[in-house]
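What follows is the residue order along each chain.
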Amino acid sequence: MATEAEAEVEVEKERPKVDIEGPTRNLMQSIKSKVEDSCLEKVEEREVDIIPEALVIGGGIAGMYAALDVADAGFKVHLVERGTTIGGHMAQLDKTFPTLDCSACILTPRMVDVSKHANINLMSYSEVVGVEGTIGNFKVKVKRKPRYVIEETCNGCSLCEQACRFAYKFPNEFDENLGKRGSIYRPFPQAIPAVYCVDPVRCQMVKKGKCGKATIENVRAYLKEGKEDVEVPPCILACGPNCIDFDMEEKIEEYNVGAIIVATGYDIIEPELMPEYKYGVLPNVITGLEFERYSNASGPTFGKVIVKGVDRLPKDAVFISCVGSRNKQTGFEYCSRVCCMYLAKHAHLLEEKVPGCKVTVLYQDVRAFGKGFEEFYDRVKGEGVNYRRGLASEVYQKPGSDRVVVRGEDTMLGEPFEIEADIVVLGVGLKPSAGTDELLKMLGIEETADHFAKEAHLKLRPVDTDVDGIFVTGCVQAPRDIPDSVAQGKAAAAASLALLAGGKVKIRTPVAEMDEELCVGCKSLREMADKMGA
């Protein structure tokens, strides 16, 4: 006896076959044609004026060169930098490879050029918080954080810093927390703008409204009413121009620009992601940026490589490459490009500053790809630096000593090794700077799988994005060294100038389209026909 289901199948077979997909397809095409006839023919390309100003987000080396090139061409540039000074990470470096030029010597003149340029509106200690509009006509909102110091009157004399009750009590971020600064500070003597800034987290007057016996009411009476018989903080007394203002508030400014260049730079990958190297546990395990500050004459040790916890110059040093990079476990599978060469530079500087120091570099592959890089690598090897292929598997404290032991396997010889050292330098890789993902989302720029900004075309449009009028440069797009960052900064400036110099741009009103693969409403024409009752 046939089941109910089998009976339904038989009935279905006996029904005449009707093509329901064809009429549905024709119906949908008809609807689409009518919409296009009624709407799309009226949507024509229209020409609009381009606002002859540009916005550069990020004041590192790439952003600075982009801003200077656009400004030199006669266009107004608004340069927004999140930190209290421009210069980026390059300002922290001692020398630059492969020429070993003094970083400050070649960077600070450009920093001054940016600050003095008539066409550049420099906004440090600021952030972009909103972007609207399209190519040629962007409306940008910039949050200006309070410095609690009036920029126009501060002359950078440093008297307030010296008088501060908490002078040189807190870690200085510019020195990778190796040096000290006060509640009111300037990151380094050559910082631009040459203006002091009050740390709202560390300053008691900002945080609690009281510094010692002085109160915020006393400060207001002293500065605004001219009362001299009230107690005020020592920084107020030391400031001749009276440029400290604890009543400053955050403010939002709006700017209209025709083009945007994103140059937000990089952060280093957290070395704590590789706990086997004991960073943060052993004091003589440091990062490459920390080595730069130790090696720099303006750093916390005035150029002497004497690591805290080891009160002597190192006799043995080990440099470990690819820390964080090229590693699936850390999530950063790409090559950071700069690590091989900056470790070679560090090895050279250490041998130069500490003659007789035995230096070993542990590497996976040496990637000396740039102009003059291979020659510099050969030079360092010729100076006696020992390169061993094979990364360290562990760093541990030598029992009864302040020295450490680096353990690993030499993959060329196929044998394990242990190396004693006074100092271990980690060649940490690069990642997009903090907040880059939120900024890219705000601008409508896609990210790559590595969370860098996605360019319009990797080879043919390397600084353009899929958002017309917005360009990317430097390490926001991928890890870059200084020469490549400068070149890309100038390329982004050229692309912006090509847009701004035109004066007008043709735009078309956007029309919504349906992505059939992503639409979950109707998976097929048959299902759509059933829903429509066909």
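Heads up: the structure comes first, above all this text.
Residues numbered from 1 in each chain as written. Predicted model: local features only at pLDDT ≥ 70, side-chain atom pairs only at ≥ 80, totals over all residues. Heavy atoms only, no water.

Peer 1: How should I be thinking about unusual backbone geometry in this particular structure?
Peer 2: Residues other than glycine predominantly adopt negative phi, and peptide bonds predominantly adopt the trans conformation. Of note, the amide linkage connecting Phe 97 to Pro 98 takes the cis form, showing an omega dihedral of 0°. Considering the arrangement of structural elements, one finds Pro 98 in the loop between β4 (95–96) and β5 (101–102). Ile 192 connects to Pro 193 through a cis peptide bond whose omega is 0°. Secondary-structure assignment places Pro 193 in the loop between β11 (184–185) and β12 (197–198). (Helix = DSSP H or I, 4+ residues; strand = E, 2+ residues; numbered from the N terminus.)

Peer 1: In this structure, what is going on with the pairing of strand β7 (residues 126–134)? I would like to understand it.
Peer 2: One ladder, built from eight bridges, connects β7 with strand β8 (residues 137–144); its direction is antiparallel. Paired with Ser 126 across the two strands is Arg 144, which belongs to β8. Here β7 folds back onto β8 in antiparallel fashion, the turn holding two residues, of which Gly 136 has a positive phi close to 85°. (Pairing = 2+ DSSP bridges.)

Peer 1: Looking at this model, I keep getting lost on the packing of helix α3 (residues 61–72) against helix α13 (residues 482–500). Mind explaining?
Peer 2: For any two helices packed against each other, the geometry is given by the interaxial angle and the distance between the axes. The interhelical angle for the contact between α3 and α13, taken along N-to-C directions, is 35°, at an axis separation of 8 Å. For the pair α3 and α13, the sense of crossing is right-handed. On α13, the residues touching Ile 61, Ala 62, Tyr 65, Ala 66, Asp 69 and Val 70 of α3 are Ser 485, Val 486, Gly 489, Lys 490, Ala 493, Leu 497 and Leu 500. Taken together, the residues that form the contact of α3 with α13 break down as nine nonpolar, two polar and two charged. (Axes fitted to C-alpha atoms, helices over the stretch in contact; angles between N-to-C directions. Left-handed = near helix turned anticlockwise from the far one by under 90°. Contact = heavy atoms within 4.5 Å. Nonpolar A, V, L, I, M, F, W, Y, C, P; charged D, E, K, R; others polar.)

Peer 1: Where do I start with the packing of α3 against helix α4 (residues 103–116) in this structure?
Peer 2: Closest axis-to-axis distance for the α3/α4 pair is 10 Å, and the angle between their directions is 45°. When the interaxial angle is binned, α3 and α4 end up oblique. For α3 against α4, the interelement crossing comes out left-handed. Seen from α3, the contacting residues are Ile 61, Met 64, Tyr 65 and Leu 68; seen from α4, they are Leu 107, Arg 110, Met 111, Asp 113 and Val 114. When grouped by side-chain class, the residues that make up the contact of α3 with α4 number seven nonpolar, no polar and two charged. (Parallel < 35°, antiparallel > 145°, perpendicular 65-115°, else oblique.)

Peer 1: I tried to follow the packing of aromatic side chains on my own but got confused; where do I start?
Peer 2: The relative placement of two aromatic rings is captured by the distance of their centres and the angle of their planes. Counted according to the given criterion, the structure contains nine aromatic pairs. For the pair Tyr 334 and Phe 452, a centre-to-centre distance of 5.3 Å together with 75° between the ring planes defines the contact as edge-to-face. Of the two residues, Tyr 334 sits in the loop between β19 (316–323) and α10 (339–353) while Phe 452 sits in the loop between α12 (436–443) and β27 (470–472), which places them 118 residues apart along the sequence. A residue is classified by how much of its surface remains accessible, and Tyr 334, at 10% relative accessible area, is buried. With a centroid separation of 5.9 Å and an interplanar angle of 65°, the aromatic rings of Tyr 363 and Tyr 387 are classed as edge-to-face. With Tyr 363 in strand β20 (residues 358–363) and Tyr 387 in strand β21 (residues 386–389), this residue pair connects regions lying 24 residues apart in the sequence. No difference in accessibility class separates Tyr 363 from Tyr 387, as the two residues are buried. (Phe/Tyr/Trp six-rings, centres within 6.5 Å; stacked < 30°, edge-to-face > 60°. Buried < 20%, exposed > 50% of the residue type's maximum accessible area, 1.4 Å probe, protein only.)

Peer 1: Where do I start with helix α7 (residues 216–224) in this structure?
Peer 2: Think of an α-helix as 3.6 residues a turn; residues three or four steps apart then line up on the same face. Burial in α7 covers these residues: Ile 216, Asn 218, Val 219 and Ala 221. Close packing links the buried residues of α7 with α6 (204–208), β14 (214–215) and α8 (234–238). Where α7 terminates, the next one or two residues include Gly 226, which has phi positive at roughly 75°.

Peer 1: Got a minute to help me understand the sheet that holds β27 in this structure?
Peer 2: The strands making up a sheet associate through backbone hydrogen bonding, with each pair oriented either parallel or antiparallel. A sheet is described by the order of its strands in space; here five strands give the open sequence β6-β3-β2-β16-β27, paired in parallel fashion. The open sheet terminates on both sides in strands that have one partner only, identified here as β6 (120–123) and β27. Direction aside, the axes of adjacent strands within the sheet are offset by 15° on average. As judged from the five bridges shared by strand β2 (residues 53–57) and strand β3 (residues 76–80), these two strands associate in the parallel manner. Paired with Val 56 across the bridge in β3 is Leu 79.

Peer 1: Whenever I open this one, the pattern of salt bridges confuses me. Can you help?
Peer 2: Pairing is possible between side chains of opposite charge, provided their charged atoms come close. One pass over the structure, following the stated rule, counts 34 salt bridges. Its salt-bridge partner being Asp 199, residue Arg 202 comes within 3.9 Å of it at the nearest N-O pair. A relative accessible area of 10% places Asp 199 in the buried class. Here Lys 251 and Glu 253 are joined by a salt bridge, their closest N and O atoms 3.7 Å apart. (Salt bridge = Lys/Arg side-chain N within 4 Å of Asp/Glu carboxyl O.)

Peer 1: Looking at this model, I keep getting lost on α4. Mind explaining?
Peer 2: Under the 1.5 Å per step criterion, the end-to-end length of α4 is 20 Å for 14 residues, consistent within 8% with the ideal 20 Å. Taken residue by residue, α4 has Ser 103, Leu 107, Thr 108, Met 111 and Val 114 as its buried positions. Taken around the axis of α4, the buried residues stretch over an arc of 115°, which confines them to a single face. For α4, the exposed residues lying more than 90 degrees away from the buried face are Cys 105 and Lys 116. Turning to α4, the residues buried within the fold contact α3, β3, β4, β5 and β6. (Expected span 1.5 Å × (residues − 1). Arc of directions from axis to C-beta.)

Peer 1: What exactly am I supposed to notice about the nonpolar core here?
Peer 2: Nonpolar side chains in soluble globular proteins tend to be buried together. Membership of the largest hydrophobic core comes to 57 residues, with the highest contact counts inside it found for Phe 319, Ile 320 and Leu 350. Counting residues per element, this core draws most heavily on α10, which supplies eight residues. (Core = buried A, V, L, I, M, F, W, Y, C linked by side-chain atoms within 4.5 Å.)

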